[in-house]
Amino acid sequence: MAVIHRTTMSPGKLELLAAWMPSKPWYRGGEVPLLAKAGGFRLDDPAGEVGIEFMVVTDTSGDSPVTYQVPMTYRGAPLASAADGLIGTSEHGVLGRRWIYDGTHDVVLVEQLLALLAGGTTAQDQNASDAPDPTVEVRTEGAGVPQGLTGPGTVTETADATLLTVGPPAQEGPVSTLTLCRVLRPGPAPAGDGAAGRVLAGWSAPDGARQHGPFARLAAFER
């Protein structure tokens, strides 16, 4: 169970994201983002070592507000395999220095998202310890999502999303693409697009209205 500490981080998450996001192909705001937290959820690391958060932020620096999903992991030491995904470091008031990664590069986040899609774990409230978040919706289609998937293999950024290759342990058997939506748009998930599973969740619009839409999609497996 992840424990939510009521403490400070310096620099803060939004400050780190404002420096990091403009380098990404899916960012479409001004030169200096104007970010506000808009929602999100957490997943638990079974080993209890890594913080996992799917943060939603809205940027108002461009011609119109844009809402982004930024999955992040918080670690007590650097992770060499995720070096390309380092967002920055921050001093946590309780835990000390934390290395903060774009979670699409971190195996712990990816495997727990796959476990969520497979029904093996439950989304947690972003701001409370040991509190499931019932607003996070998982849908499966066809044969569903098998247990024990691993990743990421390759990580590819697009103008709207991040694409990860995932598959069985030891890279044996069929593989699939896990898509994490970066630019969030409210509305229902597409029907009949061949997804094995998907995650939908909510966030707040700048005017306070509640929005709900797709966060992640796992394609059907192909050999």
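Residues numbered from 1 in each chain as written. Predicted model: local features only at pLDDT ≥ 70, side-chain atom pairs only at ≥ 80, totals over all residues. Heavy atoms only, no water.

A. Molecular detail of the environment of L17. Within the secondary structure, L17 is located in helix α1 (residues 13-20). In sequence terms L17 and V138 are 121 residues apart; their C-alpha atoms lie 27 Å from each other. If near-sequence neighbours (up to four positions away) are discounted, L17 is found in contact with P22, L35, M55, V57, V70, M72 and I87. (Helix = DSSP H or I, 4+ residues; strand = E, 2+ residues; numbered from the N terminus. Contact = heavy atoms within 4.5 Å.)

B. Molecular detail of α1. Looking only at α1, the buried set comprises L16, L17 and W20. Down the axis of α1, the buried set is contained in an arc of 95°. They therefore lie on one face. Exposed and facing more than 90 degrees away from the buried side of α1 are E15 and A19. Where the residues of α1 are buried, they touch β2 (35-43), β3 (51-59), β4 (66-75), β5 (86-92) and β6 (96-102). (Buried < 20%, exposed > 50% of the residue type's maximum accessible area, 1.4 Å probe, protein only. Arc of directions from axis to C-beta.)

C. Structural context of the nonpolar core. Core analysis: the largest hydrophobic core is formed by 32 residues, its most contacted members being F41, L113, L178 and V199. If you list the elements that add at least two residues to this core, you get β2, β3, α2 (107-117), β9 (161-166), β10 (176-181), β11 (195-204) and β12 (210-219). A total of seven residues in this core trace back to one element, the largest contributor, which is α2. Apart from the residues lying within four places of it in its own chain, the contact partners of F41 are E53, F54, L116, A123, Q124, Q126, D133, V136, V199, A201 and F215. Counting residues in hydrophobic clusters, the runner-up holds 17 residues, among them W20, L35, V70 and M72. (Core = buried A, V, L, I, M, F, W, Y, C linked by side-chain atoms within 4.5 Å.)

D. Up close: the side chain of T104. Considering the arrangement of structural elements, one finds T104 in the loop between β6 and α2. According to the relative accessible area criterion, T104 is buried, its value standing at 0%. Residues contacting T104, with those up to four places away along its chain left out, are P71, V110, P152, V155, T162, L164, L180 and R182.

E. Looking closely at the packing of aromatic side chains. Taken as a whole and assessed by the stated rule, the structure comprises six aromatic pairs. With a centroid separation of 6.0 Å and 45° between ring planes, the pair formed by F41 and F215 is classed as tilted. With F41 in strand β2 and F215 in strand β12, this pair connects stretches of sequence that are 174 residues apart. Overall, the relative accessible area of 1% leaves F41 in the buried class. When its relative accessible area of 1% is taken as the criterion, F215 is described as buried. Grouping aromatic residues by their ring pairs yields a cluster made of W20, W26, Y27 and Y68. (Phe/Tyr/Trp six-rings, centres within 6.5 Å; stacked < 30°, edge-to-face > 60°.)

So yeah, pure geometry; function would need other evidence.
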